Structure formats: C-alpha cells, structure tokens
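Structural description and commentary
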Amino acid sequence: MKLSDVICGVPISAGEQEEAKRRRELRIRQFLEEGPICLIRLTLNIIGPVKSFPMALDAFHEGVCAIRRELSSFSFEKLDCSPGAIPDGSPAVKPGDHPGGEPGETSRDGAGFVFREFKENTGAEGYFLLFEKSGSEGLAKTVKKRMISIEENHPLGRLFNIDVFSPDGNPISRGLLGLGSRSCLVCGEPAASCIEKRAHSTELILWRTVQILNDFFRGKAADLAAACAVRALLYEVSATPKPGLVDRNNSGSHQDMDFFTFLDSSAALIPWFRDFFCIGWDHASDPEPLLFSRLRFAGKRAEEQMFSATGGVNTHKGLVFSFAVLCGALGQIHARRPLPLDGRQVIDACWKLGRCALDDFQKTGEKEPQGGQRETNGEQCRRRYGLLGARGEAAAGFPSALRYGLPVLKKRLAKGDPLNDAAIFSLLSLIASVDDTNMIHRGGFAAAQDRKKEAMRLLSQLTNENFHDALNALDSSYIRENLSPGGCADLLAVSLMLCFLEQSGLVDAFY
C-alpha cells in the first residue's frame with residue numbers, strides 16, 4: 001500500500017500547527033474553569049503536514065471508545081444528562097461555544113463525564129471532563145495510569161497521545177508516576193532520545209504509522225468478514241428441515257457426509273475467508289484478472305484444507321469459490337473506503353472478479369476432456385443446457401441471492417420469524433427460482449423443472465404452523481429420488497452472509 005493511499009488529506013503549514021497548539025492550550029484552561037476534577041485530552045501522534053485523513057479519524061474513534069471503556073469502570077457520581085445540565089451549576093457549553101469558535105460536539109455521559117470533540121485539518125481532538133461533587137484526591141494519577149495502559153496495550157496505542165490534567169492545569173507525567181518514557185515508534189528505544197538525535201527519517205516514521213493503521217483496520221475488518229462467512233456456513237447446514245440436504249435431522253440424499261462433516265469443513269475454512277479478504281485489501285489496486293488469480297491460488301489451497309478435514313468429501317467447494325470472490329471484493333472496496341461499505345459497490349466488485357472466473361471457465365470449457373478426464377457436473381450443465389452454476393452467479397454479482405434469497409430472509413426476520421425458519425423459506429424461494437445444476441445432474445432437466453414448480457406452489461401454501469411438516473415430507477420425497485438442491489444451498493449461504501454483513505455494519509445495504 002502506498003503512503004499516499006492512506007495519508008490523503010489537506011497539508012497544514014507550520015503557522016497552522018502553532019495556532020492549533022495555542023487553541024488546545026486555551027481549551028484546556030477554559031474547560032478546567034468548568035470545575036472538573038480531572039481532564040483527559042486525546043490527540044494522535046501523526047508526523048508530517050497531513051494530520052487528518054480517513055484512517056486517522058477511524059483511529060481517533062478507536063481511541064475515544066477505548067477511553068470510554070476505561071472510564072465506565074470508575075464510580076463517578078451520576079450526571080444529570082438532561083439538555084443544558086452540567087454538574088455543580090457550571091454553565092452548559094453548546095457546540096458553537098467552544099474556545100476559538102471551531103465546530104465541535106458535546107455529549108454528556110451518565111457515567112460521570114462530559115465529552116467534547118473537534119475534527120479539524122490540524123488533527124482530531126477529544127476532551128473528557130470528569131466530574132464528581134465530593135471530589136477525589138489522587139484521581140488524576142489513577143486515571144493517568146489507566147490511560148498509559150491504553151497507550152501501551154491497545155494495538156493503535158502508540159499513535160494515541162492521551163494527556164491527563166489535574167484541576168490546577170498541571171499535566172500528570174509518566175515520570176511523576178515513576179514510569180519510563182514512551183518507546184520509539186520505529187525502533188522501540190526511548191522516544192525522547194530518538195527525537196533528540198533525529199534517528200529516523202520522516203518517511204520511515206510515516207511508513208511505520210501507516211503500517212500500524214493498516215494492520216489494525218485490515219485485521220479488524222478481515223476478522224469481521226470471516227466471522228460472517230463461517231457463521232453463514234454454520235447456519236446454512238443447521239437450518240432444518242431442508243429437502244435432500246444435510247441438516248440436523250439427517251444427511252438428506254448424501255450418504256458420504258453428515259452434519260459433523262460440515263462442521264469440520266467450516267472450521268477448516270475460517271482462516272481462508274480471512275485470507276481472501278486480506279488479499280483483496282492488499283492488492284486493491286491490481287487489475288481484476290491479477291487479483292482474481294491471487295484469489296484462485298488461495299482458493300485451491302483452501303479446497304485442499306477442506307478435503308483434508310472431510311476425508312476427501314466435497315462439502316463446500318462451490319462456496320469456497322463464491323466466498324473467495326465475495327470476501328476478496330469486500331477487502332478490495334474497504335481498502336479504499338471507510339465503513340460502512342456501499343453494498344452496490346461490493347456487488348460491482350464481485351461482478352468484475354466473477355467475470356474473470358467465467359472467462360477462464362469458458363475458455364477451458366471449449367476444450368474436449370483429454371485422456372480419461374471427466375467433465376464436472378458444472379461443465380456438463382454448461383455444455384448441455386448453457387447453465388453456468390456458481391461461476392455464473394458470481395459473474396453476474398449473485399443475482400439469485402439478491403433477488404430471492406436475501407429479500408425473503410430479511411422479510412421473514414422483520415416479521416419476527418426465527419432465523420432457522422427464515423432460512424428455510426429463503427431456501428424454498430431459491431429452489432422455486434433457480435436452475436440448480438446439482439438437481440439437474442441427479443434427476444435430469446425435466447425433473448428439476450417440476451421441482452421448481454412444486455416449490456413455487458408450496459410457497460403460496462405454507463404458513464408458520466404447517467411448514468415444518470410440509471418440508472419434512474418434501475425432504476423424504478427428495479431422498480427417495482436422490483435429489484439434492486446443493487446449488488441453492490450454496491446460494492442460501494451467500495444470502496445469509498449478505499444478511500450478516502449488513503447486521504455487522506460492514507456493509508450498509510445490498511438492495
């Protein structure tokens with residue numbers, strides 16, 4: 001990642017920096033006049049002329065959250081949080097009344113502090129005014145120790161500059177507490193010594209700053225995406241009853257796998273979903289064919305882990321492909337934009353990556369199988385019926401999940417249905433609408449079409465009271481005829497993941 005990809009803001013002059021320093025000192029004095037027993041100021045250690053940019057603002061927010069968590073454990077007297085109320089009769093400060101006249105935000109917290117923030121080109125600033133009517137001698141030192149713990153232990157802590165002031169305006173230093181000075185951002189030696197000797201170039205310090213920011217936010221989002229992906233796999237196999245599919249009742253039409261086979265496979269794939277996201281993030285500027293090539297290489301290794309975990313049984317090969325595209329697209333978009341991501345942009349990125357897969361598939365599919373090689377089910381359906389299966393869904397931006405699976409899922413959840421039942425209705429909607437290559441392979445094209453019509457009729461007849469019995473009967477029928485809507489099951493997992501991505505806040509909405 002280039003420095004300019006992260007540090008992309010308005011540079012400030014030396015004069016503006018000096019003026020910002022003067023304003024900070026003025027704010028400290030005026031805030032202390034309101035009578036807090038302790039004052040905390042949060043700023044960021046960002047070297048160079050660009051102080052405010054998207055990832056820095058995200059880091060500032062993380063620092064604010066970390067301080068709030070620490071303060072929540074203190075036993076302050078509860079504040080009156082009604083509008084205009086400040087402890088001890090101090091006048092309320094409205095956002096437009098901040099020292100210097102700059103825009104800011106004020107929030108009163110019932111846990112015993114008032115928070116104010118300023119976000120300017122000179123850098124974000126956050127102020128916590130701690131109040132307690134009875135006072136508390138030595139509180140500032142205790143608070144300072146907690147703030148040092150954040151600076152030392154939070155993954156972004158080296159970029160946090162958390163100052164604590166006593167009521168007389170004096171800062172509480174580390175030395176006053178008998179603690180050593182902060183370590184250098186680059187080499188780990190005492191920072192004051194490195195600054196005095198100018199041991200490191202500005203560019204090197206900026207590189208280290210960007211590395212800290214990038215590693216934290218990439219890792220946090222990758223973990224969230226992977227959690228949504230594996231949750232989707234687990235909920236898909238757990239949804240019961242599903243016609244012809246593995247669920248908590250039985251193995252459906254699959255004699256070589258059971259519920260626990262899917263659990264083993266899902267657990268083995270967790271780190272690969274994270275890797276797919278990180279590949280998209282790290283190579284966001286690559287042309288789509290090159291990015292897809294990287295994802296495909298990782299996907300093949302993920303498949304190997306799946307087969308190793310299941311003893312050679314194919315539980316999730318189609319979903320490895322679909323989730324590689326989806327997680328890779330999430331990483332690619334998030335590397336360039338803050339959260340929440342625009343669902344339409346994510347789907348557009350999926351479409352571009354999926355087209356690369358489809359182009360490869362069509363090129364290789366033009367060749368006849370050589371020397372005993374067997375066509376896959378997908379290749380047979382492509383040749384005989386023009387159906388493209390999972391690759392076609394990804395290449396079109398998962399239209400079936402967006403048109404049928406996800407809307408039904410969200411509608412049923414909004415009505416208060418349990419997630420299990422909402423997932424079953426979503427699956428039935430997919431069976432009624434999608435040409436499932438697995439159904440065609442097992443029962444033939446005509447039978448697959450009949451089953452689509454059957455599912456459509458069922459959807460108009462089912463209620464929350466009768467659908468379990470109806471689906472159990474459908475399951476028995478599918479098992480007798482050895483039918484399995486495996487493609488629709490994969491699309492249900494995609495629909496679940498899209499739903500979970502929205503719930504997590506990683507994506508705003510997909511439609």
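Before reading on, note that the structure itself is shown above.
Treat the numbers as computed from the prediction; the structure is a model and nothing was measured.

It is worth spelling out the nonpolar core at this point. Grouped together as the largest cluster of nonpolar side chains are 135 residues, with contacts concentrated most on Ile40, Phe273, Phe276, Phe323, Leu330 and Met497. Here the element with the most residues in this core is helix 6 (residues 202-238); it accounts for 16 residues. Listed in part, the 10 residues of the second largest apolar core include Leu39, Val114, Tyr127 and Phe131.

Turning our eyes to something else, we now look at the pattern of salt bridges. Across all of its chains, the model carries 23 salt bridges by this definition. Between Arg294 and Asp286 there is a salt bridge whose closest N-O contact spans 2.9 Å. With a closest N to O distance of 3.0 Å, Asp435 and Lys452 form a salt bridge. With Asp435 in the loop between helix 14 (419-433) and helix 15 (437-443) and Lys452 in helix 16 (residues 445-461), this residue pair connects regions lying 17 residues apart in the sequence. Note on Asp435: relative accessible area 33%, which makes it partly exposed. For Lys452, a relative accessible area of 15% corresponds to the buried category. The structure contains a network of salt bridges with shared partners spanning Arg23, Arg24, Arg27, Glu120 and Glu125.

Moving on, we come to helix 13 (residues 399-414). Helix length check: helix 13 (16 residues) gives 22 Å between terminal C-alpha atoms against 22 Å at 1.5 Å per residue, within 8%. The sharpest bend along helix 13 comes to roughly 35°, located at Gly405, with the proline Pro407 sitting one to four residues further on. Those residues of helix 13 that sit buried are Pro399, Ser400, Ala401, Leu402, Gly405, Leu406, Pro407, Leu409 and Arg412.

When you tally the buried positions in strand 3 (residues 113-120), you get 7 out of 8 residues, the bulk of the element. Examined bridge by bridge, strand 3 and strand 4 (residues 123-130) share 8 bridges and lie antiparallel to one another. When the sheet's bridge partners are listed, Phe115 is paired in strand 4 with Phe128.

Attention now goes to helix 8 (residues 288-310). The first and last C-alpha atoms of helix 8 sit 32 Å apart over 23 residues, in line with the 33 Å expected at 1.5 Å per residue. For helix 8, the complete set of buried residues consists of Leu291, Phe292, Leu295, Ala298, Gly299, Ala302, Glu303, Met306 and Thr310. After helix 8 finishes, the residue Gly311 shows a positive phi value of roughly 70°.

By the element assignment, Ala124 lies in strand 4. Residue classification places Ala124 among the buried residues on the basis of a relative accessible area of 8%. Separated by 64 residues in the primary sequence, Ala124 and Phe60 have C-alpha atoms spaced 6.9 Å apart. With residues up to four places along the chain from it excluded, the contact list for Ala124 reads Leu42, Thr43, Leu57, Phe60, Phe118 and Lys119.

The rules behind these values
- Residues numbered from 1 in each chain as written.
- Predicted model: local features only at pLDDT ≥ 70, side-chain atom pairs only at ≥ 80, totals over all residues.
- Heavy atoms only, no water.
- Core = buried A, V, L, I, M, F, W, Y, C linked by side-chain atoms within 4.5 Å.
- Buried < 20%, exposed > 50% of the residue type's maximum accessible area, 1.4 Å probe, protein only.
- Helix = DSSP H or I, 4+ residues; strand = E, 2+ residues; numbered from the N terminus.
- Salt bridge = Lys/Arg side-chain N within 4 Å of Asp/Glu carboxyl O.
- Expected span 1.5 Å × (residues − 1).
- Bend = angle between axes of the 7 residues up to and from the residue.
- Pairing = 2+ DSSP bridges.
- Contact = heavy atoms within 4.5 Å.

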